[in-house]
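Working through the structure, step by step
Listed below, chain by chain, are the residues.
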Amino acid sequence: MARQREFDRDSVLQNAMGAFWEHGYEATSMADLLKVTGLSKSSLYAGFGDKHALFVATYDLYRSRRAENMARVLADHPAPHGIRAFFEEVIGTGSNDWQRFGCMSTNQAAELAQSDPAVCTRVAEDHQLLEDAFTNHLRAGQDTGTVPAAIDARAAASALVTAFSGFQLTVRAGMDRTRLERSLAYLLAPLETPP
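The following refers to the structure shown. Worth saying up front: this structure is predicted, and the values here are computed from it rather than measured.

What counts as what
Residues numbered from 1 in each chain as written. Predicted model: local features only at pLDDT ≥ 70, side-chain atom pairs only at ≥ 80, totals over all residues. Heavy atoms only, no water. Helix = DSSP H or I, 4+ residues; strand = E, 2+ residues; numbered from the N terminus. Buried < 20%, exposed > 50% of the residue type's maximum accessible area, 1.4 Å probe, protein only. Arc of directions from axis to C-beta. Contact = heavy atoms within 4.5 Å. Salt bridge = Lys/Arg side-chain N within 4 Å of Asp/Glu carboxyl O.

**Observations concerning the environment of Gly141**
The residue Gly141 is located in helix H7 (residues 117-144) in this model. Considered as a pair, Gly141 and Glu192 are 51 residues apart in the sequence and their alpha carbons are 9.0 Å apart.

This is the structure:
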């Protein structure tokens, strides 16, 4: 019996994630995936199952990295400046590297969430994760006096999550960064306690 070719799973997932992130699920062909991963069709199926299973694995990798990055950014700044830094990262890196393709969760909310229960669940979890993180960040700011006490932290966080999707789509469309910065300043102004 022929020995199955070994491969670096993390590298394969990273490369497949890039293809799915750039082109979306439907537009990424098996030929594209074989090219970017360097795997044969039999190795890819043996290692990951079908195209959908590979996509879900890459999407989960993306989600875990984004969650780690968001937690780090929010922890590194007092409220509400962590949220500002998080959005500025989206705006600032949107013109280069993979960020120019927007948020993979936002993209999948538009592409697959209505027809694919696994994706729908993950998109909902991502939105809830953002809302919870923003809520906690704002409440921490209320505790220290950097966010006005009158702000409804949960409602503000929910609005920011909705805005986040809009920012991501705008970045993907290549829109003017100045417009995004102006919008961000407007959104965050009520969340900042005046000096």
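**Some words on helix H2 (residues 30-37)**
Those residues of H2 not exposed but buried are Met30, Leu33 and Thr37. Seen along its axis, H2 keeps its buried residues to an arc of 60°; they face one direction. Exposed side of H2, more than 90 degrees from the buried face: Ala31 and Lys35 are the residues found there. Buried positions along H2 lie against helix H1 (9-23), helix H3 (41-48) and helix H4 (51-75). Looking at the residues trailing H2, positive phi occurs at Gly38, about 75°.

**Here we look at the pattern of salt bridges**
Within this structure, the stated rule accounts for 10 salt bridges. For the salt bridge of Arg122 with Asp60, the shortest nitrogen-to-oxygen distance reads 2.7 Å. One end of the pair, Arg122, is in helix H7; the other, Asp60, is in helix H4, with 62 residues separating them in the sequence. A relative accessible area of 27% places Asp60 in the partly exposed class. The shortest N-O distance in the salt bridge between Arg154 and Asp132 comes to 2.7 Å. In this pair, Arg154 sits in helix H8 (residues 153-172) while Asp132 sits in helix H7, placing the two residues 22 residues apart along the sequence. On the basis of relative accessible area, Arg154 is assigned to the partly exposed category, the value being 29%. What you see here is one network of salt bridges that share partners, running through Asp60, Arg63, Arg122, Glu125 and Asp126.

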